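Residue-level structure breakdown
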Amino acid sequence: MSSREGSDPLIRVEHLKHHFPIKSGLLFDRTVDRIHAVDDVTFELREGETLGLVGESGCGKTTLVRAIMRLVEPTEGTIRFGGRDISHASQRELRPLRRQMQMVFQDPYASLNPRKRVDQIVASPMRLHGEGEDAASRVRELLDRVGLSAEHANRYPHEFSGGQRQRIGVARALALEPKLILLDEPVSALDVSVQAQIINLLDDLQEEFGLTYLFVAHDLSVVRHVSDRIAVMYLGKIVELAAAEELYVKPIMPYTAALLAAIPIPDPKENRERERIVLEGEPPNPIDPPSGCPFHPRCPRATEICTRVEPPLTEYANGHLAACHHPLNVSDDEIAAARKSPASPLSSGDELPQPA
Amino acid sequence: MSEPLLSVEDLHVRFNTEGGVVHAVDGVSFDLARGEILAVVGESGCGKSVTAQTIMGLTRTTNAEHEGSVRFRDRELLTAPNSELRKVRGAEIAMIFQDPMTSLNPVHRIGDQIVEQILAHEELPEPEARKRAVELLDRVGIPQARERMRSYPHEFSGGMRQRVMIAMALSCGPEVLIADEPTTALDVTIQAQILERIRELRETEDAGVILVTHDLGVVADIADRILVMYAGRIVEQGTLDEIFYDPQHPYTWGLLGSITRIDRERPERLPAIAGLPPSLADRPEGCHFRPRCPHEFDKCPEKPPLEPRGGAAGHCDRCWLSPEEKRAKRMVQGQIGLGSKGAVA
């Protein structure tokens, strides 16, 4: 879990948009609307770090991951991998890059082919990249590394528990010695005690192979243990980005604060004493996002300006970014020293938060 | 305590499968009182869902064998004929399932599904039932309930569907609500809303709630009493505070130790329980947790009874260690945890 500052970022995403068209019509499909799944997102992923990406279902985090993998082609904006623009690269150009970025999926039941043996599953990336010959010994090595044994190689996925299947998924992702692993909710489907096993494993592997992780999760409790920095997404936009520890003690955006407050604390006494903000309502429809700040219809602090002007991503001390007109947990001095971040969405206004 | 509302006694459920007899529930007993929220906690495959489903008569498959008793007020449910069970199900005992995506019928309107449920149990003119359905949707926080009656399930989000499930469960004013992982598929902000509704139901209807979950955060938030299950058996039971502040069984220590806490310093490594739960078709002799337990000793191959071992009468566990030993062994780096085999980490 170390981040090396100063070097070129491994991934650089700039003003990335991905809109899904909604088509309708009798004879000719015409686009009647668009779902703003990813709506102007800018961030970078440094080599060797883990960036946590958090948001509720439907906020666009999976689409963002798919765009980085180039499983979908972005509508606007650029994605750079190691300095190279891959936003519109062809399948042929992408192939050599794909071995450097691998993915681990959420559902360990759906992401392994039930008709293939474990050795076939783990060896398939090697086969696809034309190095299938000495795969057998490499498979054994990989299984051993993720905490399974060589005898598991001849079994089928249904013979394994959820946690073991996720280990198989991790072994497959490691097969080509990638630089980057995109983890899309890798532990959400697992029991708590098993979650800890997988997270510890991911931690060890990162240290051993110098991997870079993008770790997607739908709540803030798990990502804390793996992340160096955490980005919070809401309705297709990054609304807060900060060093992991800072985000928990000092959430600036009210949405982040609400997400934190919604996590029950496993301690009855502290839970009884804690003041809870129960967020009313649900995330709005991404087909027709609200004007101004996307969070304003649910925000307890919203005022007139929030309905009108989209807040820019404002940079506070320690590179803490947050998009909010009425920030929490910051002093007047900090607000005065804040400036608009170049990562702000192009459609956002120039109004920075004002000291009270 | 007054007369229990629901009483489960020495319940056994076995399934005959190709891989042998799966003993999914092995001698589970508990009482549920009015206005009480009882949490059943454990890992996947520990028998918690099968216990809940058996109360509702949902495990009556051809390969299943049942033993013991499930009494609801003065009626025996385990051996009741299906026709009688049908009257109880949905009306007096209602259930909310884990997956709100698959538990509503996708080809019927939301409103029609709630109305059908009401009319199945009560003789009412249909407009009356419709009126009640609208009130119910309104009560669980569906905006514009009257218009939403005409929607189909796919037009609702996961949280809204789970609220529809709760509305249906409430439709006949049940006395017992069984909620099987009601918030597992939902986002945390929506989870908080749903738990609020369950709490309300307990207060307004004085219903007893059985909450099946693997999330101890949810339990700490809402439960009065807790049953901890492992491999088909209850390994510990007690009040919320007893389980969280004076846990007796090493498995409970492991569960408590492996939850991530956002209000504490983050540990270098997350404490995990090593290994896997045993297969229910082939469980170890004696204490089932033995192979994963770092504190195993020569008495463990003998089956420990579930009994109070010091402390309150209601606080029982299945571990041979003495209370003093437990108090010493459960502290790992100043917190409750299982520790690890061999060297102390």
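Conventions adopted
Residues numbered from 1 in each chain as written. Chains lettered and ligands numbered in written order. Predicted model: local features only at pLDDT ≥ 70, side-chain atom pairs only at ≥ 80, totals over all residues. Helix = DSSP H or I, 4+ residues; strand = E, 2+ residues; numbered from the N terminus. Buried ≥ 20, exposed ≤ 12 C-beta atoms within 10 Å, placed from the backbone. Contact = placed C-beta atoms within 7 Å. Pairing = 2+ DSSP bridges. Axes fitted to C-alpha atoms, helices over the stretch in contact; angles between N-to-C directions. Parallel < 35°, antiparallel > 145°, perpendicular 65-115°, else oblique. Left-handed = near helix turned anticlockwise from the far one by under 90°. Nonpolar A, V, L, I, M, F, W, Y, C, P; charged D, E, K, R; others polar.

1. Section: the overall build of chain A
For chain A, the helix and strand inventory stands at twelve helices and 13 strands. Seen through its C-alpha atoms, chain A measures out along the principal axes to roughly 65 × 60 × 45 Å. Buried positions account for 49% of the 356 residues belonging to chain A. Across chain A, every contact between residues at least 6 apart in sequence was considered, and the portion connecting residues at least 24 apart equals 65%.

2. Focus on the sheet that holds strand β8 (residues 208-213) of chain B
Residues and elements named next belong to chain B. The mixed open sheet is built from eight strands, whose spatial order is β6-β7-β8-β3-β9-β10-β12-β11. The open sheet has two free edges, formed respectively by β6 (93-96) and β11 (307-308), since each of these has just one partner strand. The pairing of β11 with strand β12 (residues 316-317) spans two bridges and is classified as antiparallel. Looking across to β12, one finds that Pro308 is bridged to Cys316. Across the sheet, helix α6 (residues 158-170) lies against β6 and β7 (176-180), angled at about 175 degrees from β6, the strand it touches most.

3. So, the interface of chain B and chain A
Residue-level contacts link 37 residues of chain B with 34 residues of chain A. Those elements giving two or more residues to the side of chain B that touches chain A turn out to be α6, α7 (188-205), α8 (216-222), α9 (240-245) and α10 (250-257) of chain B. Counting residues per element, the side of chain B that touches chain A draws most heavily on α7 of chain B, at seven residues.

4. Re the packing of helix α5 (residues 162-174) of chain A against helix α6 (residues 192-209) of chain A
All names here are of chain A. One way to put it is that α5 packs onto α6 with a least axis distance of 10 Å and a crossing angle of 15 degrees. Classified by the interaxial angle, the pair formed by α5 and α6 is roughly parallel. Read as a crossing pair, α5 and α6 show a hand that is right-handed. Across from Gly162, Gly163, Gln166, Arg167, Val170 and Leu174 in α5, the residues of α6 making contact are Val194, Gln197, Ile198, Leu201 and Leu205. Split into classes, the residues belonging to the contact of α5 with α6 amount to six nonpolar, four polar and one charged.

5. Overview of unusual backbone geometry
Residues and elements named next belong to chain B. Backbone geometry at Arg73 places phi at a positive 50 degrees, although glycine is not the residue there. Of note, Arg73 is situated in the loop between β4 (64-72) and β5 (75-76). Residue Arg73 is classed as partly exposed on the basis of its C-beta count, with 13 C-beta atoms lying within 10 Å. Here Glu181, not a glycine, exhibits a phi torsion of approximately 50 degrees, which is positive. Relative to the elements of secondary structure, Glu181 occurs in the loop between β7 and α7. Residue Glu181 is classed as buried on the basis of its C-beta count, with 21 C-beta atoms lying within 10 Å.

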